[in-house]
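So the chains spell out like this:
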Amino acid sequence: MKRVNLKLGKMGVILCNMAIALLLLSSCNNDDEGNPVDERTSEFLDEVAIVPFFIENEFGEIPTEATELIYENRKKMPVMDMDGIHMRLFDFSLVNGNIEVTCENGGVSMDVELRGLVPNGVYTFWHVTFNEEGADPSKEMLNIRGIGAVGKGDGSDNFFLASPTGTAKFSAFSPTGRVLSMIGDIKSCPLTDEKEWHVVGSYHMDSKTYGPVLGPDGTVVEQFAFVFKN
């Protein structure tokens, strides 16, 4: 009986050590209260910035009055809605919504909800990265370092269609740490590795998209952005 008790005692020690090891391993993914910790980097943003740098009024200036008719500033084409009505600054500035972004598995995923879009409008999403100082309107190209299609990068999954009431939902996964489809690059986790990173929504007045590039001048205008800064 003593031998049996001795063997059981050793087995108990082994099981106890195994349990402690498992507890220590699992605690690496728990907080101080024992709750699971998600090691991925995520951020939720519900502020939408209207982009004013690619539109102008009839005098070639950035519009400031809500009632001003707007033009895209590359070919001076009027910004029209899907019914052929010339848009005013007020119409252009209605966009609101939110985005949730997560860095994971060699890329960044995003889920977006939007309201106030051009009804039935065709849109695309773009990564925009900046040099170390971040966005700067006083510098050439606003100090942009990189521009490229959200998603796979070939433009096959960066587009969406607004509903008749101007709403939309959009989801995509973008490989990161790579060259972007138009110019420059994006770092591995833009939430932490980029000084400034924008997810820009562009409105296509011709109802067409152009794969990895924005499209011909006069057919598209950058309308809004989600802005992430470190």
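Treat the numbers as computed from the prediction; the structure is a model and nothing was measured.

Caption draft 1: Representation of the environment of leucine 89 in the model. By the element assignment, leucine 89 lies in helix H2 (residues 89–92). Assessed through its relative accessible area of 12%, leucine 89 is described here as buried. Each C-alpha atom of the pair leucine 89 and leucine 69 lies 6.4 Å from the other, and the pair is 20 residues apart in sequence. Aside from chain neighbours lying at most four places away, what touches leucine 89 is Ile55, Pro63, Thr64, Glu65, Ala66, Glu68 and Ile70.

Caption draft 2: Seen up close, the state of the cysteines. Scanning the model with the defined rule gives one disulfide in all. Disulfide pairing is shown between cysteine 103 and cysteine 189; the S-S distance is 2.1 Å. An S-S torsion of about 85° defines the bridge between cysteine 103 and cysteine 189 as right-handed. Of the two residues, cysteine 103 sits in strand E5 (residues 96–104) while cysteine 189 sits in the loop between strand E12 (185–186) and helix H3 (190–193), which places them 86 residues apart along the sequence.

Caption draft 3: Quick peek at unusual backbone geometry. Positive phi, normally seen in glycine, also occurs at lysine 76, with a value near 60°. Relative to the helices and strands, lysine 76 is located in the loop between strand E4 (71–72) and H2. You can call lysine 76 partly exposed: its relative accessible area is 46%. Its identity as a non-glycine residue notwithstanding, serine 207 has a phi of 60°, on the positive side. Among the secondary structure elements, serine 207 is positioned in the loop between strand E13 (196–204) and strand E14 (220–229).

Caption draft 4: Expanded view of the packing of aromatic side chains. One pass over the full model with this rule turns up nine aromatic pairs. Measuring from ring centre to ring centre gives 4.9 Å for tryptophan 197 and phenylalanine 228, while their planes differ by 25°; the resulting arrangement is stacked. Placement of tryptophan 197 in strand E13 and of phenylalanine 228 in strand E14 is noted, with a sequence separation of 31 residues between them. When the centroid spacing of 6.5 Å and the interplanar angle of 90° are considered together, the rings of phenylalanine 224 and phenylalanine 226 count as edge-to-face. You'll find phenylalanine 224 and phenylalanine 226 in the same group, each marked buried. Put simply, the rings of Tyr123, Phe125, Phe160, Phe170, Tyr203, Phe224 and Phe226 pair up and form one aromatic cluster.

About the thresholds
- Residues numbered from 1 in each chain as written.
- Predicted model: local features only at pLDDT ≥ 70, side-chain atom pairs only at ≥ 80, totals over all residues.
- Heavy atoms only, no water.
- Helix = DSSP H or I, 4+ residues; strand = E, 2+ residues; numbered from the N terminus.
- Buried < 20%, exposed > 50% of the residue type's maximum accessible area, 1.4 Å probe, protein only.
- Contact = heavy atoms within 4.5 Å.
- Disulfide = S-S within 2.5 Å.
- Phe/Tyr/Trp six-rings, centres within 6.5 Å; stacked < 30°, edge-to-face > 60°.

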